[in-house]
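# Descriptive analysis of the structure
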Amino acid sequence: MTITCLATLWECIIREKLNVTRINQTKASKELKELSVANNFEEIYSDFYANLILCDCSSPDDVIDGVPNRNAIGHSQYKKYPNKKSSLNAILITDFLIHLKPKEITEE
């Protein structure tokens, strides 16, 4: 339950941090990387999100054990119930996203 509940919130948290109402996954990954660097996080955090959380997962064979892949969660691609490592990773991803300082809105 932890993974399913948290994964559904990630996109919303990212949109709030970027001060946008809609965003596609490709742009979200790019903007998250910029926001992550602006928050003094190593690029590995945003790369993990972009390359493992948002990556395509079209079948149970694409699932990486311990990684809470958003598409695998949303489309029930797991062969077995996700393990504790996946749950902890989901909590850590959520914590990372929550602690990002939002993108500053520049006035034109």
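Residues numbered from 1 in each chain as written. Predicted model: local features only at pLDDT ≥ 70, side-chain atom pairs only at ≥ 80, totals over all residues. Heavy atoms only, no water.

Ranked by size, the top nonpolar core spans 21 residues in total, and within it Trp10, Ile14, Tyr49 and Leu97 carry the most contacts. If you list the elements that add at least two residues to this core, you get α1 (2-18), α2 (25-38), α3 (43-53) and α5 (84-98). The element contributing the most residues to this core is α1, with seven residues. (Core = buried A, V, L, I, M, F, W, Y, C linked by side-chain atoms within 4.5 Å. Buried < 20%, exposed > 50% of the residue type's maximum accessible area, 1.4 Å probe, protein only. Helix = DSSP H or I, 4+ residues; strand = E, 2+ residues; numbered from the N terminus.)

What follows deals with the layout of surface pockets. Rolled over the atoms, a probe with the dimensions of a water molecule shows which regions are left empty. There is about 170 Å³ of room inside the largest pocket. Contributing to the lining of the largest pocket are Ile44, Tyr45, Phe48, Tyr49, Asn89, Leu92, Ile93 and Phe96. Put simply, the parts of the chain that give the lining of the largest pocket at least two residues each are α3 and α5. Among the residues making up the lining of the largest pocket, the classes are represented as seven nonpolar, one polar and no charged. (1 Å grid on protein atoms, 1.4 Å probe; cavity = no way out; pocket = protein on both sides within 12 Å on 5 of 7 lines; lining within 4 Å. Points joined across faces, edges and corners; volume = space filled by probe spheres on them. Nonpolar A, V, L, I, M, F, W, Y, C, P; charged D, E, K, R; others polar.)

A separate point is the pattern of salt bridges. Within this structure, the stated rule accounts for six salt bridges. Between Arg15 and Glu11 there is a salt bridge, and its shortest N-O distance comes to 3.4 Å. In this pair, Arg15 and Glu11 both sit in helix α1, four residues apart, roughly one turn of the helix. A salt bridge links Lys103 to Glu31, with the nearest nitrogen and oxygen atoms 3.1 Å apart. Linking Lys103 in the segment after α5 with Glu31 in helix α2, this pair joins segments that are 72 residues apart in sequence. Looking at Lys103, the relative accessible area reads 37%, which means it is partly exposed. Within the structure, one salt-bridge network assembled from shared partners comprises Glu11, Arg15 and Arg70. (Salt bridge = Lys/Arg side-chain N within 4 Å of Asp/Glu carboxyl O.)

All right, on to unusual backbone geometry then. Within the chain, Asn19 stands out as a residue other than glycine whose phi angle is a positive 60°. With respect to the element layout, Asn19 can be found in the loop between α1 and α2. Phi is positive for Asn40, which is not a glycine, with a value near 65°. For Asn40, a relative accessible area of 72% puts it in the exposed group.

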